[in-house]
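# Remarks on the overall topology
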Amino acid sequence: MGTPIIDLSLYNKVPKFIAVEGPIGVGKTTLSTQLADSFGYEVILEEPSQNPFLDDFYKNPQQAALGTQLFFLFQRVKHIQDFKQEDIFSSSKVSDFLLDKDMLFAKVTLSERELELYMQIYNYLSLDLPTPDLVVYLQANTETLFKRIINRGIEMEKNISFEYLESLNECYKDFFLSFERSPVMIVNTESIDLANNISDFQLLVERLLQYFNNPEGRKIYFNPSPSLL
């Protein structure tokens, strides 16, 4: 799919740092790449495949959870250092992750004692997280996410259980219900195909830029009717 180039000069304000978030299988990387290509922004992508514990975690979550989370925590520290060295305001960026979310995964996957250790390390690092101008939170039903994960056929993801995905999906909902550090555009992806339908993508971009120029509170819901697509 060839994504259109958006004429940002038509808008008074544009977000310089956009973070795209959501549970596994919802389409974060696809949308982040589309936005970066269309806006002419740099794209920064999460790299879960670099985590040597992740495959074992999907097979046996209890045994590999702590190693998995600590690896992601230190990977996250590196991302923060890179952001600070580059000065996030010197260029415009889209990322397919929100740095705040690592704690969300930790609370889902770790035992009480492991979470206590994780929090001690987290607090010792005293992370100063960069603040996105806008977060795009992609939502989908757990059934839909599970089907997408199966269909894309990534080997290590074949061991993801529906129960784990359900608990993660619910934690994302709770997390963004109280998230206030950045404006959030909550997108229901059930009726849209951002990967293959240019009209869907253009509709989302139009709403995103309208919202950023005329904010209607800290959160907005984008839930297009199938009849409009």
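For the structure, check the block above.
Residues numbered from 1 in each chain as written. Predicted model: local features only at pLDDT ≥ 70, side-chain atom pairs only at ≥ 80, totals over all residues. Heavy atoms only, no water.

With that settled, consider the layout of surface pockets. Unfilled space is identified by rolling a water-sized probe across the atoms. Computed from the structure, the largest pocket encloses a volume of approximately 700 Å³. Lining the largest pocket are 37 residues, and of these I24, K28, E46, P48 and K101 lie nearest its centre. For the lining of the largest pocket, the class distribution of residues is 18 nonpolar, eleven polar and eight charged. Of the voids in this model, the second largest pocket is the one considered here, and its volume is about 210 Å³. Contributing to the lining of the second largest pocket are 13 residues, with V26, R148, D193, L194 and A195 lying nearest its centre. (1 Å grid on protein atoms, 1.4 Å probe; cavity = no way out; pocket = protein on both sides within 12 Å on 5 of 7 lines; lining within 4 Å. Points joined across faces, edges and corners; volume = space filled by probe spheres on them. Nonpolar A, V, L, I, M, F, W, Y, C, P; charged D, E, K, R; others polar.)

Geometry of an aromatic ring pair is reported as the spacing of the ring centres plus the angle between the planes. Inspection of the entire model under this criterion finds twelve aromatic pairs. Arranged with centres 5.7 Å apart and planes meeting at 65°, the rings of F176 and F179 form a pair that is edge-to-face. When sorted by exposure, F176 lands in the same class as F179, which is buried. These aromatic residues form a ring-pair network of at least three members: F105, Y137, Y172, F175, F176 and F179. Between the NZ or CZ atom of K13 and the centre of the ring of F212, over which it lies, the distance is 5.6 Å. (Phe/Tyr/Trp six-rings, centres within 6.5 Å; stacked < 30°, edge-to-face > 60°. Buried < 20%, exposed > 50% of the residue type's maximum accessible area, 1.4 Å probe, protein only. Lys NZ or Arg CZ within 6 Å of the ring centre and 35° of its normal.)

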